[in-house]
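So the chains spell out like this:
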Amino acid sequence: MPSVFSFFAAAEAKPTKADGDTGKPSSSLRPIARLIRLPNLLIMLLCLVLVRSGLLHPATPLATLLDWHFGLLVLSTLCVGAAGYIINDYYDVKIDAINRPGRLVVGRVVNRRRAMLAHLLLSGLGVGIAGLLSPLLGLVTLGSAALLWGYSVRFKRVALVGNLSIAMLTAALVLLPELQLRTDNSKVWVYALAAFLLTVVREIVKDVEDMRGDAQHDCRTLPIVWGVARTKWVAGFFLGCLMLLVSGAGFEALHNGPLLLGLWLTFLVLGPLLALARLLWRADRRRHFAKLSTWCKGIMLAGVLSMLLVAVVG
């Protein structure tokens, strides 16, 4: 999409402290990669690939991934995802200047008008492609784009509403390949529920981590409204639900197969979840919650990779 990223070209030549400003022009694409959260987009791509090939079509993984309909679904999803990150940074310039000053891109590397235009182009392209694939995918993608906008403008500043919004979007990502193929595979819905619960936990943890900047800009996130102690209990509730879900899936796999999947879920997903619960109980400083957020990412990656085992040994 050179037409989209060309809007950033003029801004990239400017030196920026976010890139370790030394007074020399920066010609790298690192600020743009940071703006669209490239690592997160790659995880989204991995999730779509493993759901499609691991859960829905394990017998013919290569053939199903080479289907051009799936390629368009991936392109649509990544466009809307990138647009969501851009619009979030667009509305969070002042907050991010406090919470993450070294990672600020919009307003420092990319001017706000170009960021908004890129968001509109990417969102329109993503929704348009999904609509061509099917009316249902078009509707879901349009709803996702609208929810991302609403989250950036308002929902993220309301206790629990923003957390649940992002969790719903994460679950929708897992379900997209199923909505395209309509295989009636129940495993996809289990993974979507697990993604929903873990995302709620991570988003609550991030709200505690970002309390300082949020409070200075009239955000009413859960830790600001309820306090950190009660917020930890809310996060613990969703974490407990997730541990029950993973325990059930692991128990089923250990007793009825595949055994390797059961061992993976037990030691690489449930084990870290128990450690996460212990860390959450003891957390009382900003750096503790930053560590919790990283743990959530690792657990999510382990859960996504378990889909590969479903394809190999399932």
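Everything below is about the structure shown above.
Since the structure is predicted, the reported quantities are computational estimates derived from the model, not experimental observations.

(A) Up close: a nonpolar patch on the surface. On the surface, L254, L259, L260, L263, F267 and L268 cluster together to form a nonpolar patch covering roughly 550 Å² of accessible area. Among the elements that line the nonpolar patch, the one with the most residues is helix α15 (residues 259-282), at five residues. Turning to its location among the elements, L263 is positioned in helix α15.

(B) Structural detail: the packing of aromatic side chains. The full count for this structure, using the stated rule, is four aromatic pairs. Their ring planes at 75° and their centres at 5.4 Å tell us that F237 and F238 sit as a pair that is edge-to-face. Three or more aromatic residues link up through ring pairs in this structure, and these residues are Y90, Y91 and W149. In this structure, R112 packs its charged tip against the face of Y90, placed 4.1 Å from the ring centre.

(C) Representation of the nonpolar core. Membership of the largest hydrophobic core comes to 75 residues, with the highest contact counts inside it found for V51, V174 and L273. The dominant element in this core, judged by the number of residues it contributes, is helix α11 (residues 186-209), at 12 residues. Excluding residues within four positions of it along the chain, L273 makes contact with L239, L242, M243, V246 and I299. One finds V80, L147, I166 and L169 within the second-largest nonpolar core, a separate group that totals eight residues.

(D) Inspection of the environment of Y191 at higher detail. Looking at the element boundaries, Y191 is found in helix α11. Spatially, the C-alpha atom of Y191 lies 9.6 Å from that of V246, the residues being 55 residues apart in sequence. Every residue in contact with Y191, bar those within four places of it in the chain, is listed here: L55, V174, L261, G303, S306, M307 and V310. Within the structure, the side chain of Y191 is placed 2.8 Å from the side chain of S306, a separation counted as a polar contact.

Definitions and limits used
- Residues numbered from 1 in each chain as written.
- Predicted model: local features only at pLDDT ≥ 70, side-chain atom pairs only at ≥ 80, totals over all residues.
- Heavy atoms only, no water.
- Patch = residues over 30% accessible without salt bridge, like charges linked within 9 Å, V, L, I, M, F, W, Y side chains within 5 Å.
- Areas by Shrake-Rupley, 256 points an atom, 1.4 Å probe, with all protein chains shown as cover.
- Salt bridge = Lys/Arg side-chain N within 4 Å of Asp/Glu carboxyl O.
- Helix = DSSP H or I, 4+ residues; strand = E, 2+ residues; numbered from the N terminus.
- Phe/Tyr/Trp six-rings, centres within 6.5 Å; stacked < 30°, edge-to-face > 60°.
- Lys NZ or Arg CZ within 6 Å of the ring centre and 35° of its normal.
- Core = buried A, V, L, I, M, F, W, Y, C linked by side-chain atoms within 4.5 Å.
- Buried < 20%, exposed > 50% of the residue type's maximum accessible area, 1.4 Å probe, protein only.
- Contact = heavy atoms within 4.5 Å.
- Polar contact = N/O pair within 3.5 Å; in protein donor to acceptor, adjacent residues only side chain to side chain.

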